[in-house]
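Secondary and tertiary structure notes
Residues per chain are reported as follows:
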Amino acid sequence: QGYHVVGYFSKEKESEEDYNLACILTLPQHQRKGYGKFIISFSYELSKIEGKAGSPEKPLSDLGKEAYFSHWNRELLHMLRKIGSRPNPDDRVVSLQQLSDMTSFKRDDIEATLKRLQMINYHKSQVYVNVNPTLVNYHISKCGGSGVPVDPSKIHWTPHINPS
C-alpha cells in the first residue's frame, strides 16, 4: 500500500555534453522488475520535452551498458519495424538524424547500436540502415520486455532555461 522508493536518477540542469542522465540506481530488492528500464525511458521523455537529443553520462558501468544497449536496441528496432512496414517504399527511407529526432537518442548512440546489430552499411560516405523485416524481427525477439511503461502525458515538468 502507498508509495515506495524503488530507485532514483540524477540529471544535470545544464550539460555541455547533452547528458540526459548522470546517475541511475534501482534498489536491490526492486531490481529485475523493469524499474531501471522505466528510469531510462523517463530520462528520454524528459529529453523530448527539452526538444534535444540526450545520452547517459559516460563511461557507463557494465550494468549501465547492458541496460542502455538493451533500451537502445529495443526502441530503435520497434521504430525500424514501423518504418519498414510503411506501404509506400519511398517512405521506408530513414536517416540517423531522423531516428534521433524521433527517439531523442544521440546520433552517435544510434550509429553504435545499429553497428552492434549489424544493421548499418556505409557506401561512398553515405550511411544506410538495413530495415529488412526478417532481421528486425529476429533482433526484436532477443530484446526482452520494455519494463514499466512511461506515460508521457503524466509528466509535468519544465526544463531548465539558461538565462544567458
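Let us look at the structure shown here. (Residues numbered from 1 in each chain as written. Predicted model: local features only at pLDDT ≥ 70, side-chain atom pairs only at ≥ 80, totals over all residues. Heavy atoms only, no water.)

1. Some thoughts on the overall build of the protein chain
Broken down by element type, the protein chain carries five helices and six strands. In sequence order, the protein chain lays out its α and β elements as β-β-β-α-β-α-α-α-β-β-α. For the protein chain, the C-alpha radius of gyration of 17 Å lies close to 15 Å, the compact-globule estimate for 164 residues. Its C-alpha atoms give the protein chain principal-axis dimensions of about 50 × 45 × 30 Å. When burial is assessed residue by residue, the protein chain has 34% of its 164 residues classed as buried. Considering only residue pairs separated by 6 or more positions, the protein chain has 62% of its internal contacts joining residues 24 or more positions apart. Of the roughly 10,600 Å² of accessible surface on the protein chain, a fraction of 52% belongs to carbon and sulfur atoms. Of the charged side chains in the protein chain, 21 are positive and 18 negative, and the gap between their average positions amounts to 7 Å. (Helix = DSSP H or I, 4+ residues; strand = E, 2+ residues; numbered from the N terminus. Rg over C-alpha atoms; globule rule 2.2 N^0.38 Å. Buried < 20%, exposed > 50% of the residue type's maximum accessible area, 1.4 Å probe, protein only. Contact = heavy atoms within 4.5 Å. Areas by Shrake-Rupley, 256 points an atom, 1.4 Å probe, with all protein chains shown as cover. Lys, Arg positive; Asp, Glu negative; His and termini not counted. Charge placed at Lys NZ, Arg CZ, Asp CG, Glu CD.)

2. Quick word on the nonpolar core
Here is a general trend for soluble globular proteins: nonpolar side chains tend to be buried in one another's company. Residues Leu80, Leu99 and Leu114 are the most contacted members of the largest nonpolar core, which totals 26 residues. A per-element tally of this core places helix H2 (residues 62-84) first, with seven residues. Beyond its immediate chain neighbours, meaning those up to four positions away, leucine 80 contacts Val94, Leu99, Leu114, Met119, Val129, Val131 and Val136. (Core = buried A, V, L, I, M, F, W, Y, C linked by side-chain atoms within 4.5 Å.)

3. Overview of the packing of H2 against helix H3 (residues 96-103)
Interaxial distance between H2 and H3 falls to 11 Å at its minimum, and their mutual angle equals 115°. Of the possible angle classes, the one that applies to H2 and H3 is roughly perpendicular. As H2 runs across H3, the sense of the crossing is right-handed. For the pair H2 and H3, contact is made by Leu76, Met79, Leu80 and Ile83 and by Leu99, Met102 and Thr103, respectively. The class makeup of the residues in the contact of H2 with H3 is six nonpolar, one polar and no charged. (Axes fitted to C-alpha atoms, helices over the stretch in contact; angles between N-to-C directions. Parallel < 35°, antiparallel > 145°, perpendicular 65-115°, else oblique. Left-handed = near helix turned anticlockwise from the far one by under 90°. Nonpolar A, V, L, I, M, F, W, Y, C, P; charged D, E, K, R; others polar.)

4. A short note on the environment of glutamine 97
Tracing the chain through its elements places glutamine 97 in helix H3. Between the C-alpha atom of glutamine 97 and that of aspartate 108, which follows or precedes it by 11 residues, the distance is 9.9 Å.

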